[in-house]
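Topology and contacts: notes
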Amino acid sequence: MKEILIPVLILAGMGLIFGVMLGIAAKIFAVKKDERIEKIEAALPGANCGGCGYAGCSGYAAAVVNDGAPVNLCSAGGNEAAKKIGEIMGVEVKESEPMVARVFCTGAFDKASIKLEYKGTKDCFAAKRMAGGPKECQYGCIGLGSCVSVCKFGAISVKDGVAVVDESKCVACGACVKKCVQNLIRLVPKSKRHGVLCSNHDRGAVAKNLCAVSCVGCKLCEKNCPQGAISMVDNLSVVDYEKCIDCGICVEKCPKKIIK
């Protein structure tokens, strides 16, 4: 009995000693987490959307404290979150213009010329690799919802083959912008209500045959804008939002009614 009991007691004693030593070492070498990181995490919406450029809210909070990342990168939290983080970090925060995602295409299936019936994977990238997608317009929305799959706020949907943003839900995280294979979703100032909702760079004679709601480069919007806020860029009208005052003259003058 002694032959069994003594080794057991020795092992138990050694385990106790090692446990105490590990406990002491853990306290001595413990890395203290800056309490500001936890406070910043609490101030963030917890969406983990990645719009700030970091791996989730915790990654952003750590970057603000440890790396000096800007305090106003959380688009989901907006100015309110930026203000709270600024107070935690002791820095002044200026309010920024709220942004929103907009889809610069309105070429629905009943407006755009269709060249093929796509029956493959519901993915815009896959469809683009197959003859450039189902529509004749190489610049238009493919309409298979790759952008929808990455939006964590339910702010984007596909209607009649075109992505549509619900601006009341959009937080301008930019996930859909990065996902769009056609590069026709952009972040613009939310307060600006006008935009040329087309991305076709073909010449007018070609563009009008591809889509009924395509910019044809007539320049009427450019010529009539009192602020010089519209210019032609590679056969397409583009709005300079720093100059635009939302007067609406371009909407009246556009013969294709694509300035919304």
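Residues numbered from 1 in each chain as written. Predicted model: local features only at pLDDT ≥ 70, side-chain atom pairs only at ≥ 80, totals over all residues. Heavy atoms only, no water.

Some details on the environment of Val-238
Here Val-238 lies in strand β6 (residues 236-239). Judged by relative accessible area, which is 33%, Val-238 ranks as partly exposed. Separated by 17 residues in sequence, Val-238 and Cys-221 place their C-alpha atoms 9.7 Å apart. Apart from the residues within four sequence positions on either side, Val-238 is in contact with Ala-229, Ile-230, Ser-231 and Val-233. (Helix = DSSP H or I, 4+ residues; strand = E, 2+ residues; numbered from the N terminus. Buried < 20%, exposed > 50% of the residue type's maximum accessible area, 1.4 Å probe, protein only. Contact = heavy atoms within 4.5 Å.)

Some words on unusual backbone geometry
The backbone of Asn-183 shows a phi angle near 55°, a positive value even though the residue is not glycine. Along the chain, the position of Asn-183 falls in the loop between α7 (175-179) and β4 (185-189). The backbone of Lys-219 shows a phi angle near 70°, a positive value even though the residue is not glycine. Structurally, Lys-219 is set in the loop between α8 (204-210) and α9 (220-224). For Lys-219, a relative accessible area of 38% puts it in the partly exposed group.

Thoughts on the packing of helix α2 (residues 35-43) against helix α4 (residues 78-89)
Contact geometry for α2 and α4: axes closest at 9 Å, N-to-C directions at 165°. Our classification of the angle between α2 and α4 gives roughly antiparallel. Seen from above, α2 lies across α4 with right-handed handedness. Facing α2, whose interface residues are Arg-36, Lys-39, Ile-40 and Ala-43, α4 presents Ala-81, Lys-84, Ile-85, Ile-88 and Met-89. Each residue belonging to the contact of α2 with α4 can be placed in one class, and the counts come to six nonpolar, no polar and three charged. (Axes fitted to C-alpha atoms, helices over the stretch in contact; angles between N-to-C directions. Parallel < 35°, antiparallel > 145°, perpendicular 65-115°, else oblique. Left-handed = near helix turned anticlockwise from the far one by under 90°. Nonpolar A, V, L, I, M, F, W, Y, C, P; charged D, E, K, R; others polar.)

Things to note about helix α3 (residues 56-67)
Spanning twelve residues, α3 covers 15 Å between terminal C-alpha atoms, matching the ideal 16 Å at 1.5 Å per step. Looking at α3, one finds that the buried residues are Gly-56, Cys-57, Tyr-60, Ala-61, Ala-63, Val-64 and Val-65. On its buried face, α3 is in contact with α2 and α4. The first or second residue beyond α3 is Gly-68, which carries a positive phi of 70°. (Expected span 1.5 Å × (residues − 1).)

Some words on the packing of α2 against α3
Relative to each other, α2 and α3 sit at 135°, their axes nearing to 9 Å. Between α2 and α3, the interaxial angle falls into the category oblique. Viewed along their axes, α2 and α3 form a crossing whose handedness is right-handed. Where α2 approaches α3, its residues Arg-36, Ile-37, Ile-40 and Glu-41 are matched on the opposing element by Cys-57, Ser-58, Ala-61, Ala-62, Val-64, Val-65 and Asn-66. Residue composition of the contact of α2 with α3, grouped by class: seven nonpolar, two polar and two charged.

Quick word on α4
With twelve residues, α4 should cover 16 Å at 1.5 Å per step; its first-to-last C-alpha distance of 17 Å lies within 8% of that length. For α4, the complete set of buried residues consists of Ala-81, Ala-82, Ile-85 and Gly-86. For α4, the angular spread of buried residues about the axis comes to 135°, placing them on one side. With respect to the buried face of α4, the exposed residues turned more than 90 degrees away are Glu-80, Lys-83 and Glu-87. In this fold, the buried residues of α4 make contact with α2 and α3. (Arc of directions from axis to C-beta.)

A closer look at a nonpolar patch on the surface
A cluster of nonpolar residues, Leu-16, Val-20 and Ile-24, forms a patch on the protein surface that exposes about 290 Å² of accessible area. The residue Leu-16 is located in helix α1 (residues 2-28) in this model. We classify Leu-16 as exposed; its relative accessible area is 59%. (Patch = residues over 30% accessible without salt bridge, like charges linked within 9 Å, V, L, I, M, F, W, Y side chains within 5 Å. Areas by Shrake-Rupley, 256 points an atom, 1.4 Å probe, with all protein chains shown as cover. Salt bridge = Lys/Arg side-chain N within 4 Å of Asp/Glu carboxyl O.)

A short note on the pairing of β6
Successive side chains on a regular strand alternate, one facing one side of the sheet and the next facing the other. Across four bridges, the pairing between strand β5 (residues 230-233) and β6 is antiparallel. Each residue of the ladder has a partner; that of Val-233, found in β6, is Leu-236. The hairpin turn running from β5 into β6, its antiparallel successor, is two residues long, and Asp-234 in that turn takes a positive phi close to 50°. (Pairing = 2+ DSSP bridges.)

What about the packing of aromatic side chains?
Inspection of the entire model under this criterion finds one aromatic pair. Residue placement shows Lys-135 over the ring face of Phe-109; its charged tip is 5.2 Å from the ring centre. Sitting above the plane of the Phe-104 ring, Arg-186 keeps its charged end 4.2 Å from the centroid. (Phe/Tyr/Trp six-rings, centres within 6.5 Å; stacked < 30°, edge-to-face > 60°. Lys NZ or Arg CZ within 6 Å of the ring centre and 35° of its normal.)

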